[in-house]
Amino acid sequence: MERVPVALSPEKRFEEYLQSRSLRQTGQRRFLVEQVFSTHEHFDADSLIDQLPRKGEPNYVSRPTVYRTLKEFVDAGLLRSFQLDGRTVYEHDYGYPQHDHLYCTKCRKLTEFRSEELLRLRDEVAAEHNFRVASHRLIIQGVCQACSRKRRKKRKQDLI
């Protein structure tokens, strides 16, 4: 997904958020914002924790601090969170355009896409109902091409 120009880096934006709430910019918070914004991928808290240093290693961040900081990232407008298969998934929000998702229910791959036609239709439907759109989220569930091509192993009972 192409980034859109923003005035501040995610680190600076988060620093402003913390200052506006009289919260300290700790080394752990700084490390987490660097880690989360070093790649553009969807993730959940557990997958992020798995990538972080273990207890006793430099830059270790406890599980409660990770959860608390992810909530702060959402509140600061840096991340969006949504529920998918009973887990909270996070994606970059700051510096990225409105987009939607295709979700493969077999391999759990989440693919981002943008559609001007879909945005036009959304706005048209909203106008018909005198509704002002703030945002929307669309996740289309199905099976990706790679999973569709995988052949099911034949079982003995299928051969009878």
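To be clear, the structure that these remarks concern was listed above.
Here the structure is a predicted model, which is why all the values come from computation and not from measurement. (Residues numbered from 1 in each chain as written. Predicted model: local features only at pLDDT ≥ 70, side-chain atom pairs only at ≥ 80, totals over all residues. Heavy atoms only, no water.)

Novice: Whenever I open this one, the overall build of the protein chain confuses me. Can you help?
Specialist: Within the protein chain, the regular secondary structure consists of 7 helices and 5 strands. Computed over its C-alpha atoms, the radius of gyration of the protein chain comes to 20 Å, more than 25% above the 15 Å expected for a compact globule of 160 residues. Across its three principal axes, the protein chain shows a C-alpha extent of roughly 70 × 55 × 25 Å. With 160 residues in all, the protein chain has 32% of them scored as buried. Contacts in the protein chain between residues at least 24 apart in sequence constitute 55% of all its contacts with a sequence separation of at least 6. (Helix = DSSP H or I, 4+ residues; strand = E, 2+ residues; numbered from the N terminus. Rg over C-alpha atoms; globule rule 2.2 N^0.38 Å. Buried < 20%, exposed > 50% of the residue type's maximum accessible area, 1.4 Å probe, protein only. Contact = heavy atoms within 4.5 Å.)

Novice: Help me out: how do you make sense of the pairing of strand β2 (residues 87–92) in this one?
Specialist: Each regular strand displays side chains that alternate between the two surfaces of the sheet. Note that strand β1 (residues 79–84) and β2 share 6 bridges and pair antiparallel. Bridge assignment links Gln 83 to a residue of β2, and that residue is Thr 88. Hairpin connection, β1 to β2: the antiparallel pair is bridged by 2 residues, and Asp 85 has positive phi, about 55°. (Pairing = 2+ DSSP bridges.)

Novice: Teacher, can you tell me more about the sheet that holds strand β3 (residues 100–104) here?
Specialist: What holds strands together in a sheet is hydrogen bonding between their backbones, with the strands either parallel or antiparallel. Ordered by their spatial adjacency, 3 strands build an open sheet running β4-β3-β5, and the pairing between neighbours is mixed. Only two strands of the sheet have a single neighbouring strand rather than two, namely β4 (110–113) and β5 (139–142). This sheet shows a mean twist of 20° between the axes of neighbouring strands, independent of strand direction. Summarising the sheet, β3 and β4 pair through 4 bridges and their orientation is antiparallel. Bridging across to β4, His 101 finds its partner in Glu 112. (Axes fitted to C-alpha atoms, helices over the stretch in contact; angles between N-to-C directions.)

Novice: What is the right way to look at helix α4 (residues 63–75) in this model?
Specialist: Residues three or four positions apart in an α-helix share a direction because the helix packs 3.6 residues into each turn. If you check α4, its first and last C-alpha atoms are 19 Å apart, about what 13 residues at 1.5 Å a residue would give, namely 18 Å. Along α4, the residues classified as buried are Thr 65, Val 66, Thr 69, Leu 70, Glu 72 and Phe 73. Down the axis, α4 shows its buried residues gathered within 160° of arc, on one side only. Facing away from the buried side of α4, by more than 90 degrees, are the exposed residues Pro 64 and Lys 71. In this structure, the buried residues of α4 make contact with α1 (10–20), α2 (27–36), α3 (45–51), β1 and β2. One or two steps after α4, the chain reaches Gly 77, where phi turns positive at roughly 80°. (Expected span 1.5 Å × (residues − 1). Arc of directions from axis to C-beta.)

Novice: Looking at this structure, how should I read the environment of Lys 12?
Specialist: Within the secondary structure layout, Lys 12 lies in helix α1. Remark: the alpha-carbon pair of Lys 12 and Val 33, spanning 21 residues in sequence, is separated by 10.0 Å.

Novice: Just to check I follow, could you spell out the side chain of Thr 69 for this structure?
Specialist: Its location among the elements puts Thr 69 in helix α4. Under the relative-accessibility criterion, Thr 69 is labelled buried at 2%. Here Thr 65 takes part through its backbone oxygen, which lies 2.7 Å from a polar atom of the side chain of Thr 69. What Thr 69 contacts, discounting residues up to four positions off in sequence, is Phe 14, Arg 29 and Leu 32. (Polar contact = N/O pair within 3.5 Å; in protein donor to acceptor, adjacent residues only side chain to side chain.)

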